[in-house]
Amino acid sequence: MGITVLVVDDSLAICQLLCAQLAELGVGTVDQCQSGEEALAMIVAHPDKYDCVFVDLHLGGMDGLELMHQLHNHHFSGGIVVISGLDRKIIDFTLEVVSNYNLRVLGSVPKPFDRALLSFMVRRISSYYPVHRRSDKLLPQQTVVDAIQNKQVLAYFQPKISSVDNSLIGIECLTRLQPPQGVVSPASFISVAENYKLIDSLTAATLNVALPAYREFCAQIGREVKLAINISPLQLYETNLHATLHELLQEHYIAVENIVLEITENHALRDDRQLKNLNRLRIHGYELSLDDYGAGYTSLRQIEKLPFNEIKLDAQLVNGIHNDKVLQTIVRSIRSITHQLKLTLVAEGVADSRDLLHMNDIGVDAYQGYLFCRPKPANELVRWHKAWQKSVANISQFSAS
């Protein structure tokens, strides 16, 4: 894998050991240095070079906490992993402090290093680092503009399944574009829409297609289910977000009680304007879901402070959990906290029945993923639902007998 990592520790022996372990785990390039000052100079000189920095806290001169503060000031976009032999309380308090920075803090790895935990951190890095390397795959700005203006925006839907009785409890709206070259997935245009301030227009265009399709879907299956809509954290800076959504829902005769707003984790949620908007949306009756948890900026400590109803585990915490004890421990910890806070926990990206069984043992509330259904247009989802109901009925009859 083409990941590039920087290890910062004032012990040459520790640097060499960690570099060797990371290389064994498949990291492509591992650089090292023995001081915070040197690390900062290397990163400032090449700001896009490192996908992650492993930082020791106890450094001579500029310590690890100050280095992370400087990386925040320099808008470092890679990941951060804290490495330390200090007391767990010190590490936890450090993570609490840096959770207020605009940094992707992936977690901590105590010394001596546990190979399984290091392997998990490498997977976390590899799951998001391509976001910073996708320029050759992104649609041009004008293509996105043309797709919005020419009504080439499509709404696909993916079901959310209850872990209690396998019933359909909601559907998530997923945007697709259909320029002349064919249907395009969000990875190729969402960041373009965000970077060029097209995300509001794209969301409106999506909802103008999705909302009538959702109403028709509910009519076809004979009952209402929740509709999840993706909202970028950047849209939470807009003071008129609630008014815009309210107008669209009224236009299509859809009750706010049926809407779940999924806030993606690709940007930090710390600005007062964002937090005010989150609270306003809850006040006006929207349910809020933190999407892709585990791949972005939000820590477990922040979940308690943010007004979410639901947490959606990112696929990297789900895929392979059946044979990964580190993942099992992490997800059990998340389940414990969400249970205490009375939050719904959803597993995304479920594609393997063995992972499903482990998620069920842990006590996840709902599932979403290819194991159940791929994203589909609403008319195809109606046909899927009929087949799914028959399957669930057959399973129930078999269990009863």
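Just above sits the structure.
Residues numbered from 1 in each chain as written. Predicted model: local features only at pLDDT ≥ 70, side-chain atom pairs only at ≥ 80, totals over all residues. Heavy atoms only, no water.

Caption draft 1: Representation of the overall build of the protein in the model. When you go through the protein residue by residue, the secondary structure sums to 14 helices and 13 strands. For a compact globule of 401 residues, the expected C-alpha radius of gyration is about 21 Å, and the protein comes in at 22 Å, within 12% of that figure. Along the three orthogonal principal directions, the C-alpha set of the protein runs to about 65 × 55 × 40 Å. Residue burial in the protein is summarised as follows: out of 401 residues, 51% are buried. Here the contacts in the protein between residues at least 6 apart in sequence split such that 71% fall between residues at least 24 apart. Charged side chains of the protein number 36 positive and 44 negative; the gap between the two group centres comes to 6 Å. (Helix = DSSP H or I, 4+ residues; strand = E, 2+ residues; numbered from the N terminus. Rg over C-alpha atoms; globule rule 2.2 N^0.38 Å. Buried < 20%, exposed > 50% of the residue type's maximum accessible area, 1.4 Å probe, protein only. Contact = heavy atoms within 4.5 Å. Lys, Arg positive; Asp, Glu negative; His and termini not counted. Charge placed at Lys NZ, Arg CZ, Asp CG, Glu CD.)

Caption draft 2: A look at the sheet that holds strand S11 (residues 310-313). Ordered by their spatial adjacency, 8 strands build a closed barrel running S6-S7-S8-S9-S10-S11-S12-S13, and the pairing between neighbours is mixed. Summarising the sheet, strand S6 (residues 153-162) and strand S13 (residues 366-367) pair through 2 bridges and their orientation is antiparallel. Pairing of Ile 161 across the sheet is with Tyr 367, part of S13. (Pairing = 2+ DSSP bridges.)

Caption draft 3: Region of interest: the packing of aromatic side chains. This model, assessed by the stated rule, comprises 3 aromatic pairs. Consider the rings of Tyr 367 and Phe 372, whose centres lie 5.9 Å apart with planes at 15°: the pair is stacked. Like Phe 372, Tyr 367 is buried. Aromatic pair Phe 372 and Trp 388: ring centres 5.8 Å apart, planes at 75°, arrangement edge-to-face. (Phe/Tyr/Trp six-rings, centres within 6.5 Å; stacked < 30°, edge-to-face > 60°.)

Caption draft 4: A look at the sheet that holds strand S2 (residues 29-33). Across the sheet, which stays open at both edges, the 5 strands sit in the order S2-S1-S3-S4-S5 with parallel pairing between neighbours. What marks the edges here is a single partner per strand, and that holds for S2 and strand S5 (104-110). Strand after strand, the sheet turns through a mean of 20° between neighbouring axes, direction not considered. In the sheet, strand S1 (residues 4-8) pairs with strand S3 (residues 52-56) via 4 bridges, with the strands oriented parallel. (Axes fitted to C-alpha atoms, helices over the stretch in contact; angles between N-to-C directions.)

Caption draft 5: Representation of the pairing of strand S10 (residues 287-293). Along S10, 5 of the 7 residues are buried, which leaves the element largely enclosed by surrounding structure. Here strand S9 (residues 259-263) pairs with S10 via 4 bridges, running parallel. Note on S10: the bridge partner recorded for Leu 261 is Leu 288.

Caption draft 6: Representation of the pairing of S5 within the structure. With 6 of its 7 residues buried, S5 lies for the most part within the structure. Two strands pair when backbone bridges link them, and strand S4 (residues 79-84) and S5 are joined in this way by 6 bridges, in the parallel orientation. By the bridge assignment for S5, Ser 84 is matched with Pro 110. Once the chain exits S4 it traverses helix H4 (residues 88-98) before rejoining the sheet at S5, and the crossover so formed is right-handed. (Right-handed = clockwise from strand over helix to strand, strands pointing away.)

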